[in-house]
Amino acid sequence: MSEPLSAVVVAAGRSQRMGFDKILSPLAGWPLLVHTLERLIQTETLAEIILVIRPGSDAEIKAAIAPLADKINIRLVPGGEQRQDSVQAGLNVVAASSEYVMIHDAARPFVTKELVDIVLAAAKLTGAAVCGAPCSDSLKQVGEDGLVRGSLDRTKLWTVQTPQIFRTQLLREAYRLAMKTGGTYTDDTAVVEKIGHPVQIVLYHGVNFKITTPSDWKLADSYIQLGEGLYGQGPTLRKHLHDLNNHLTPLLGYTYLLSNELPPDSRGKKFATSIQTAGERCQATAAAIQKIIRELFPRKNA
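Residues numbered from 1 in each chain as written. Predicted model: local features only at pLDDT ≥ 70, side-chain atom pairs only at ≥ 80, totals over all residues. Heavy atoms only, no water.

Engineer: Whenever I open this one, the pairing of strand S6 (residues 100–105) confuses me. Can you help?
Structural biologist: Looking down a regular strand, the side chains alternate between one sheet face and the other. Buried residues dominate S6, accounting for 6 of its 6 residues. By the alternation rule, side chains of S6 split into Tyr100, Met102 and His104 and Val101, Ile103 and Asp105, which are all buried. Both strand S1 (residues 5–11) and S6 contribute to a ladder of 6 bridges, which runs parallel. Counterpart to leucine 5 in the pairing with S6 is tyrosine 100. Of the pairings in the sheet, the one linking S6 to strand S10 (residues 158–167) comprises 4 bridges and is antiparallel in character. Paired with valine 101 across the two strands is phenylalanine 166, which belongs to S10. (Buried < 20%, exposed > 50% of the residue type's maximum accessible area, 1.4 Å probe, protein only. Helix = DSSP H or I, 4+ residues; strand = E, 2+ residues; numbered from the N terminus. Pairing = 2+ DSSP bridges.)

Engineer: What should I look at first to understand the sheet that holds S6 in this one?
Structural biologist: Consider a sheet: its strands pair through backbone hydrogen bonds, and that pairing is either parallel or antiparallel. Taken in spatial order, the 7 strands make up an open sheet running S5-S4-S1-S6-S10-S7-S11, and their pairing is mixed. Single-partner strands in this sheet number two, and they are strand S5 (74–78) and strand S11 (200–203). On average, each strand axis in the sheet is tilted by 25° relative to the strand beside it, whichever way the strands run. Examined bridge by bridge, strand S4 (residues 48–53) and S5 share 5 bridges and lie parallel to one another. When the bridges of S5 are listed, leucine 51 appears paired with leucine 76. Against the sheet, helix H3 (residues 83–91) makes contact with S1, S4, S5, S6 and S10, and its axis sits at roughly 145° relative to S1, the strand it touches most. (Axes fitted to C-alpha atoms, helices over the stretch in contact; angles between N-to-C directions. Contact = heavy atoms within 4.5 Å.)

Engineer: What exactly am I supposed to notice about the packing of aromatic side chains here?
Structural biologist: Centre-to-centre distance and the angle between the planes together describe a pair of aromatic rings. Counted under the stated rule, the structure contains 3 aromatic pairs. Here the aromatic rings of phenylalanine 110 and tyrosine 223 are separated by 5.7 Å at their centres, their planes lie at 70°, and the arrangement is edge-to-face. Taken together, the residues span a long stretch of sequence, with phenylalanine 110 in the loop between S6 and helix H4 (113–126) and tyrosine 223 in helix H7 (residues 214–225) at a distance of 113 residues. Accessibility expressed as a relative area gives 2% for phenylalanine 110, which makes it buried. Here the aromatic rings of phenylalanine 209 and tyrosine 223 are separated by 6.1 Å at their centres, their planes lie at 45°, and the arrangement is tilted. Residue phenylalanine 209 is found in the loop between S11 and H7, and its partner tyrosine 223 is found in helix H7; the two are separated by 14 residues along the sequence. A relative accessible area of 23% means that tyrosine 223 is categorised as partly exposed. (Phe/Tyr/Trp six-rings, centres within 6.5 Å; stacked < 30°, edge-to-face > 60°.)

Engineer: What am I meant to see in the nonpolar core here?
Structural biologist: Considering soluble globular proteins, one finds that nonpolar side chains tend to be buried as a cluster. Core analysis: the largest hydrophobic core is formed by 45 residues, its most contacted members being Leu33, Leu37, Ile49, Leu51 and Ile165. At the level of elements, S1, helix H1 (32–42), S4, helix H2 (58–65), S6, H4, strand S7 (128–134) and H7 are the ones that each hand at least two residues to this core. Here leucine 33 is in contact with Ala11, Ile23, Leu51, Ile61, Ile65 and Ala106, once residues within four sequence places are set aside. Listed in part, the 22 residues of the second largest apolar core include Val87, Ala89, Ala128 and Val191. (Core = buried A, V, L, I, M, F, W, Y, C linked by side-chain atoms within 4.5 Å.)

Engineer: What's the story with H2 in this structure? I'm lost.
Structural biologist: Since the α-helix advances by 3.6 residues per turn, residues separated by three or four positions end up pointing in the same direction. The complete set of buried residues in H2 reads Ile61, Ala64 and Ile65. An end-on view of H2 places all buried positions within 85° of arc, on one side of the element. Exposed residues pointing more than 90 degrees away from the buried face of H2 are listed as Ala59, Lys62 and Ala63. On the buried face of H2, the contacting elements are strand S3 (30–31), H1, S4 and S5. (Arc of directions from axis to C-beta.)

Engineer: Any chance you could explain the pattern of salt bridges here in plain terms?
Structural biologist: Side chains bearing opposite charge may pair, as long as their charged atoms lie close to each other. Overall, the coordinates contain 10 salt bridges when judged by the stated rule. Residue arginine 108 is joined to aspartate 105 by a salt bridge in which the shortest nitrogen-to-oxygen separation is 3.0 Å. In this pair, the class of arginine 108 matches that of aspartate 105, namely buried. Between aspartate 117 and lysine 113 there is a salt bridge; the shortest N-O distance is 3.4 Å. Taken as a pair, aspartate 117 and lysine 113 lie in helix H4 at a separation of 4 residues, close to a single helical turn. In this structure, a network of salt bridges that share partners links the residues Arg83, Asp105, Arg108 and Asp188. (Salt bridge = Lys/Arg side-chain N within 4 Å of Asp/Glu carboxyl O.)

In structure tokens, the structure reads:
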């Protein structure tokens, strides 16, 4: 990695919509926070992690992340009243050598190396980048009385996620200026937009949802149970895919040889060609499945 990258992981929320402390609660056997940090460590991209936590939770957090202590430098910082206060607290202690800083939600445990790499590449071009996807739902503007005031054109609207990556000095200066003007910022790119700096958005269709509600928790548990190591049955999925490819390779070879031995207009030639086409389609499907497995359940030390 040519430019040092630090991560500020925001874990200072109160989990009001969840109804319990989701950050330290066990998800598939491990605290949600550990799943997220483990995924970030697996990207092998980060120089350090600044973990912003609720004031007074130091002992609990240290105990939870103890298994990760020898893998990367993790520093704990107390957060503030609002998310923007917590991010700024983390920014204040990011190493001076870090040219780029990544802001990530502790409640997004499905971050991958691929995702970090594409957002970082975009940030190197513009100084600020975020991942997201175009809105797929219809959007309504609603009044305090619950009545619809109008419909919004979703064709130009995107939902944004984390990680969000910035040039460190740019984000520090943006926060310094934005805080002077007041206002509430639930998204760090909005702080950069406030000072007129462009933000590049990167399309990402992979699994990267934020665990906010009990239904999110159940869905995340299902995904994690299918994974590897901390995440469950990933090696089994890879083994089955490996076996499938081992059968497809000779099948395609045999049908190719057979097809070349048969007369061009013969019935056997047509059968052999159909079998070869089906095998090639199966091979393409297997490659697509392999990509999904890599995104959802990256290998450790891969």
